[in-house]
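# Observations on the three-dimensional arrangement
Residues per chain, in single letters:
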Amino acid sequence: MNSQARLKILRASPEVEEIRSAWESWPGHRDSDIDFFSNVVASNPGTIRPHVIVTYSDGIPNAILIGRIDLTTLPLRIGYWRVPTPRVRLLTFVIGAQRGNSSPEISEILLREALNSLRRGEADVARMEYVRADSVLHRLATSLPGILGRDHGATSAPHWIMALPKTYEGVLQGLSRDLRGQLKRKAKRIQADFPGLSVKCFENPGELDSMVRDVETVAAKSYQRGLGVGFHDNQGTRQGISYQMARGKYLAYVLYLEGKPSAFWLGSLYGSVFYSDYLGFDPTFSGYSPGTYLQTKVLQDLLIRQATGIDFGPGDARYKGQWGTVCHEEVTLYVFPPSFRGIALNLLRTLSASWCPAEIKENTAGCETDHSRARGCGRDSSCIARPRHHE
């Protein structure tokens, strides 16, 4: 490792602001955007402080590992029952936590300092959210900790992304003939039976209350609500969406049938990429596939806004395989310190993973992230072109 590299941990928001120019100069995921991250730290009642690890070269920041300390409980289950766990100080490294120099050498420096933070007792456990399974960071997180500190219950989740062409016609040309026909027939049927249907995009802070009211009406009936995931009308959800609306980054699409909200798709347009947060539909109208119809309308609107891609987030879903063009595997990893408490938490985590039914793992993948997004692809952990799926 480079002995000239200097390390610093930023533990307060003013310190984070000091490296804003460098942070913003490095591209990355929406969740690791400095403003998005800072808002989560400031608004999440369970967050104690930021914990951003920075490496410097010649006094200039050249890489960061973006984390925060949360006071929370671990999401553990035995079968279908949640396991009561003590509150822990969780060092959470967000999606896309590493920005800047991503060389193996710098990645190791950053991760070793994360392990040192655990050994110093700054946190009880660390969580690295959705690390690519083919990345250097994943290899290091599964090899550097001792055997008692490694995550033995981690499972991978597919992450679909859709590269958008210039036109909606280009989108349709990329689909199978059968799927194009299905979309056309479904659109014709829903438009014939609901001639007054409409789609509204809420994007201004003044529309927040009415948007949340209509979305909650649908979400309360969705299958995700039965699993305890997906959209919930609460203070955290409202604060996060309001913050992004105020910056012109949030788009909340709602489909109305007979004047009633029947489906929704919510997400952020950061740069030219739409990051999907929440989707749902009213099962009363399931025979009309309102979610699919809304997706086609959202795609058309995003193209008008000159979006170049959609990030569907981690986890499997039929619609992601339909629309997605690239898929890679990701893993959320826990790392435990070599202490009695750390070993005990690791044992609970391992037992929980062993006894958690597969359908719960699949349906709740992605629900530990900042927006509680409800999230296949082949076993190859590298990026793969998507096979065309038929409905």
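Worth saying up front: this structure is predicted, and the values here are computed from it rather than measured.

Considering every residue of the protein, the mean pLDDT works out to 88; 87% of them sit at 70 or more. Overall, residues 359-391 carries pLDDT values under 50, and its contacts beyond four positions in sequence, including any with other chains, amount to 120 contacts.

To continue, consider unusual backbone geometry. Backbone geometry at Ser 289 places phi at a positive 50°, although glycine is not the residue there. Residue position: Ser 289 is located in the loop between strand E13 (273-281) and helix H11 (290-304). Unlike most non-glycine residues, Gln 306 shows phi in positive territory, near 65°. Turning to its location among the elements, Gln 306 is positioned in the loop between H11 and strand E14 (309-314).

It is worth spelling out the nonpolar core at this point. Membership of the largest hydrophobic core comes to 40 residues, with the highest contact counts inside it found for Trp 23, Val 52, Ile 64, Leu 65 and Phe 93. When residues of this core are assigned to their parent elements, the largest contribution, seven residues, is made by helix H4 (residues 104-119). Non-local contacts of Ile 64, meaning those with residues more than four positions away in its chain, are made with Ile 19, Trp 23, Trp 26, Val 52, Ile 53, Val 54, Ala 97, Gln 98, Arg 99 and Leu 110. With 37 residues, the next largest nonpolar core counts Leu 175, Leu 179, Leu 257 and Leu 269 among its residues.

With that out of the way, let us pick up helix H10 (residues 235-246). Over its 12 residues, H10 extends 16 Å from the first C-alpha to the last, a length consistent with the 16 Å expected when each residue adds 1.5 Å. Among the residues of H10, those classed as buried are Thr 237, Gly 240, Ile 241, Tyr 243, Gln 244 and Met 245. The inward-facing, buried residues of H10 abut helix H3 (34-43), strand E10 (198-202), helix H8 (208-219), strand E11 (250-257), strand E12 (260-270) and E13. You can read the cap of H10 off the contacts: a side-chain oxygen lies 3.2 Å from the backbone nitrogen of Gly 236, and it is on Asn 234. Gly 248 sits one or two positions beyond H10 and adopts a positive phi of about 70°.

Here the focus is the packing of H3 against H10. Axes are the key here: two packed helices are described by the angle between their axes and the distance separating the axes. Direction vectors running N to C along H3 and H10 enclose 145°, while the axes themselves pass 11 Å from each other. Read as a crossing pair, H3 and H10 show a hand that is right-handed. On the side of H3, the interface is formed by Asp 35, Phe 36, Asn 39 and Ser 43, while H10 contributes Gln 239, Gly 240, Tyr 243 and Gln 244. Considered class by class, the residues forming the contact of H3 with H10 number two nonpolar, five polar and one charged.

On to the packing of aromatic side chains, then. Given two aromatic rings, one states the distance between the centres and the angle between the planes to describe the pair. Taken as a whole, this structure holds 10 aromatic pairs when the rule is applied. Put simply, the rings of Trp 265, Phe 274, Phe 312 and Tyr 319 touch in pairs and so form one group of aromatic residues. Against the face of Tyr 288 rests Arg 189, its NZ or CZ located 4.3 Å from the ring centre. Of note, Lys 249 hangs over the ring of Tyr 270, and the distance from its end group to the ring centre comes to 4.7 Å.

Okay, the pattern of salt bridges next. By the definition in use, this model includes 24 salt bridges. A salt bridge links Arg 225 to Glu 216, with the shortest nitrogen-to-oxygen separation between them at 3.0 Å. In this structure Arg 225 comes out as partly exposed when scored by relative accessible area, which is 22%. Salt-bridge contacts for Lys 221 lead to Asp 282; the nearest nitrogen and oxygen are separated by 3.1 Å. Of the two residues, Lys 221 is situated in the loop between H8 and helix H9 (223-227) and Asp 282 in the loop between E13 and H11; the sequence distance between them amounts to 61 residues. Residue classification places Lys 221 among the partly exposed positions, given a relative accessible area of 44%. Through salt bridges that share partners, Arg 11, Arg 49, Glu 113, Arg 120 and Glu 122 make up one connected network.

Conventions used here
- Residues numbered from 1 in each chain as written.
- Predicted model: local features only at pLDDT ≥ 70, side-chain atom pairs only at ≥ 80, totals over all residues.
- Heavy atoms only, no water.
- pLDDT = per-residue confidence, 0-100.
- Contact = heavy atoms within 4.5 Å.
- Helix = DSSP H or I, 4+ residues; strand = E, 2+ residues; numbered from the N terminus.
- Core = buried A, V, L, I, M, F, W, Y, C linked by side-chain atoms within 4.5 Å.
- Buried < 20%, exposed > 50% of the residue type's maximum accessible area, 1.4 Å probe, protein only.
- Expected span 1.5 Å × (residues − 1).
- Polar contact = N/O pair within 3.5 Å; in protein donor to acceptor, adjacent residues only side chain to side chain.
- Axes fitted to C-alpha atoms, helices over the stretch in contact; angles between N-to-C directions.
- Left-handed = near helix turned anticlockwise from the far one by under 90°.
- Nonpolar A, V, L, I, M, F, W, Y, C, P; charged D, E, K, R; others polar.
- Phe/Tyr/Trp six-rings, centres within 6.5 Å; stacked < 30°, edge-to-face > 60°.
- Lys NZ or Arg CZ within 6 Å of the ring centre and 35° of its normal.
- Salt bridge = Lys/Arg side-chain N within 4 Å of Asp/Glu carboxyl O.

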